[in-house]
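Coordinates in review
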Amino acid sequence: KHRRRGFEPQGELARPLRLADGSAVAAVIRQPSSLRLEVRIPIKCTAKDKAAMREQVVRMLRLGRGGDAAARHFAAASPDLAAQGPVGRLFRSPSLFEDLVKTFTLCNCGWSRSISMNEALCREVGGGAFPSPEELCQVTALRLRRSCGVGYRAERIL
């Protein structure tokens, strides 16, 4: 069986993903081998849903061509790290919007505070998933401050 140097299966990543209609579904992402990635969800989905989830996973794990080039560049610039195994890929959120909002929630606070604000956004606005721009447009800055504890960040988030 072919095994890429440094590959060791490492468990699972559980997080909500968005289906084609914008609704959220709990997903489990795992890599059973160096050449295979699985996304499991508890419901049947359409081809459009699969495409939407694929787009999110490709972005999160930087699996596109741009991610390959960045990883090669990082490995070339960091031979000490590259000698330990594959390097150069940083995890991202499924959407640029989520990354942007999480940048705001990280301002002027520690990591645990940022996590609590993001969890509150998911729970109070996103129905268990990180809220979409459309969902955030339905709430006021006051509600974000009170129910999600984002403080002065509320206006920037909206």
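Rules used throughout
Residues numbered from 1 in each chain as written. Predicted model: local features only at pLDDT ≥ 70, side-chain atom pairs only at ≥ 80, totals over all residues. Heavy atoms only, no water. Pairing = 2+ DSSP bridges. Helix = DSSP H or I, 4+ residues; strand = E, 2+ residues; numbered from the N terminus. Salt bridge = Lys/Arg side-chain N within 4 Å of Asp/Glu carboxyl O. Buried < 20%, exposed > 50% of the residue type's maximum accessible area, 1.4 Å probe, protein only.

1. So, the pairing of strand β3 (residues 36-40)
Here four bridges tie strand β2 (residues 24-33) to β3, and the two strands are oriented antiparallel to one another. Counterpart to R30 in the pairing with β3 is E38. What sits between the antiparallel neighbours β2 and β3 is a turn of two residues.

2. Quick look at the pattern of salt bridges
Inspection of every chain in the model, using the stated rule, returns ten salt bridges. The closest approach of N and O atoms between E38 and R40, which form a salt bridge, is 2.9 Å. Judged by its relative accessible area of 47%, R40 is partly exposed. Measuring nitrogen to oxygen at the nearest pair gives 2.9 Å for the salt bridge that ties D99 to R59. Of this pair, D99 sits in helix α4 (residues 96-106) while R59 sits in helix α1 (residues 47-61), and the two are 40 residues apart along the sequence. A cluster of three or more residues bridged by salt bridges with shared partners is formed by E12, R30, R36, E38 and R40.

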